[in-house]
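Architecture at a glance
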Amino acid sequence: MKAPKSLIVVFCTSALVACKGDRFSSLDRQSQTTIPEFRIGAAMDGDPKARFARVSRVLVLADGDRIVVAEGNSARVTIWTPDGSLVKEIVGHGEGPGEFRVSFSIHRFSNGFLATDFRRFTLFSDDGDLLSTVSFPRTSLSFRGFGLAPEVLLGDGTVLAIPRIPAEIMLGALGDDPIPTLPLLRLSEGDGQWSMDTVATLDYRNRYLIIEKGEGGIQTGQPLGDYDLTYFDPVSGSVVVVERSAGGGRVALTEVNADGDTLWRQRMSMPSVSPTSEATASLVDHFVQMGGKRDQIVDALYIPDPLPGTVKIRGTASGEVWLNSVEATDTGVLWYAVRRGGDSTDVRTVLLPRGFSLRDATDTHVWGVEMDDLGVNYVVGRRILSGVDEEVPAVDAGSPVEDAASAVETDSLDDVPTGDWAAVLDH
């Protein structure tokens, strides 16, 4: 049985507060809501090109006219108009031009998007035309003797990377001291030589989980870890780091450029939420069902009290970063949309259906993935309502849109524990 890539967790809380500096201000406002408007996908007997497997990323490009869908496990990218017309399909495992290795990521880039794997960067236009391929620099640079994992390519040829270190070594399980932090590194070329500089230091404590279980054991991420989250933006040449280890629901967002200069910092205090004993027991039971020993699981799990203030970050086409909090209602999960470069007045809250996995957002729409009762995945665009009295338009009967009944994210289908938790925690 595979270790889960994410676990489903639910909490209900009340008041919201945000802060700028040491001054806290109440976010006493009604959350915005959404309605379904666009749906891309097909049932199992439909067009094969419109059938999505595990969707790893959805990007909105060209001012909302192009929707890019990446399926990492099948090395496929498809580009669509919002109404569901296929613009281009890019598919294929391999090392050739325009091909992908299994497990790759995509980012917005100038006039298109950037695909990144462990060996190279590939640039495409908004319509999927291959623009160029840039190999990851072959250098002797390393961190403590460990290789570097590329994150993004910037417009000037600079590469941002993080050391690739096994979880056992990070945790000190092989006898050495644990490694609590890792540098975010800038690799730049000058006079034919590559140099390495530290842009930021990332807190990686409580990121990894190792449980012994016969041969191999279980290795995954801590489902409730409060390690730093990151969003890389090659368009602006910056990275947003979300610090979550301060406790009490507090988080700090810091945007830095490739020179390590701080462009913007915003601190927020989310509601202080404690894990319930029932939810904790459900989490332990999940790993027991995977074959782990209960006492080892209890020792290995990191369960902070209060829980981290946010469990996920999404950088969006709107120029905001969206934070998924641990707050939920019976029907929805709360997201905070934070305007980069703004202050506490530039934070809004949006309530999204629990069956909807947010991947990107514009000023008018959120885009994400939903799964129907039969496990079929759809890429869905939902319009953000500006007010409670806004008229709800009819949906085109030719492409009906329905809220998904499942609370499981489509990129996280491995053995989700049951219980009264409902927001998904990424690793």
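Values in this document were obtained by computation on a predicted structure and should not be read as measured data.

1. Digging into the packing of aromatic side chains
- Using the criterion set out here, one finds three aromatic pairs in the structure.
- Between Phe 38 and Trp 367, the ring centres sit 5.7 Å apart and the planes meet at 5°, which makes this aromatic pair stacked. Of this pair, Phe 38 sits in strand β4 (residues 34–40) while Trp 367 is found in strand β28 (residues 365–371), placing the two residues 329 residues apart along the sequence.
- A residue is classified by how much of its surface remains accessible, and Phe 38, at 21% relative accessible area, is partly exposed.
- The class for Trp 367 is buried, based on a relative accessible area of 3%.
- Aromatic side chains Phe 52 and Trp 80 sit 5.9 Å apart centroid to centroid with 75° between the ring planes, which places their arrangement in the edge-to-face category. Placement of Phe 52 in the loop between β4 and β5 (57–61) and of Trp 80 in strand β7 (residues 76–80) is noted, with a sequence separation of 28 residues between them.
- Taking the relative accessible area as the measure of exposure, Trp 80 reaches 3% and is therefore buried.
- Here the basic side chain of Arg 244 rests over the ring of Tyr 227, its NZ or CZ set 4.9 Å away from the ring centre.

2. Some words on the side chain of Asp 228
- Mapping Asp 228 onto the fold places it in the loop between β18 (218–221) and β19 (229–233).
- Lacking a salt bridge, the buried Asp 228 has Arg 244 as its closest oppositely charged neighbour, with an N-O distance of 6.4 Å.
- Polar side-chain contacts of Asp 228 include one of 2.8 Å to the backbone nitrogen of Asp 203.
- The contact partners of Asp 228, leaving out residues within four places of it in the chain, are Thr 201, Leu 202, Asp 203, Arg 207, Val 241, Val 242, Glu 243 and Arg 244.

3. Digging into the sheet that holds strand β29 (residues 377–384)
- With antiparallel pairing, four strands are arranged side by side in an open sheet as β4-β29-β28-β27. The sheet is open, and its two edges are formed by β4 and β27 (357–361), each paired on a single side. Ignoring which end each strand starts from, the neighbouring axes of this sheet average 30° apart.
- Bridging between β28 and β29 involves seven bridges; their strand directions are antiparallel. In the strand pairing of β29, His 365 is matched with Arg 383.

4. Section: the sheet that holds strand β11 (residues 120–125)
- Strands sit in the order β9-β10-β11-β12 across an open sheet of four strands; the sheet is antiparallel. Of all the strands in the sheet, just β9 (105–109) and β12 (130–135) have a single pairing partner and so form its edges. Across the sheet, the mean angle separating the axes of adjacent strands is 20° when strand polarity is ignored.
- Pairing between strand β10 (residues 112–116) and β11: five bridges, direction antiparallel. Its bridge partner lying in β11, Ala 115 is registered against Thr 122.

Definitions and limits used
- Residues numbered from 1 in each chain as written.
- Predicted model: local features only at pLDDT ≥ 70, side-chain atom pairs only at ≥ 80, totals over all residues.
- Heavy atoms only, no water.
- Phe/Tyr/Trp six-rings, centres within 6.5 Å; stacked < 30°, edge-to-face > 60°.
- Helix = DSSP H or I, 4+ residues; strand = E, 2+ residues; numbered from the N terminus.
- Buried < 20%, exposed > 50% of the residue type's maximum accessible area, 1.4 Å probe, protein only.
- Lys NZ or Arg CZ within 6 Å of the ring centre and 35° of its normal.
- Lys, Arg positive; Asp, Glu negative; His and termini not counted.
- Salt bridge = Lys/Arg side-chain N within 4 Å of Asp/Glu carboxyl O.
- Polar contact = N/O pair within 3.5 Å; in protein donor to acceptor, adjacent residues only side chain to side chain.
- Contact = heavy atoms within 4.5 Å.
- Pairing = 2+ DSSP bridges.
- Axes fitted to C-alpha atoms, helices over the stretch in contact; angles between N-to-C directions.

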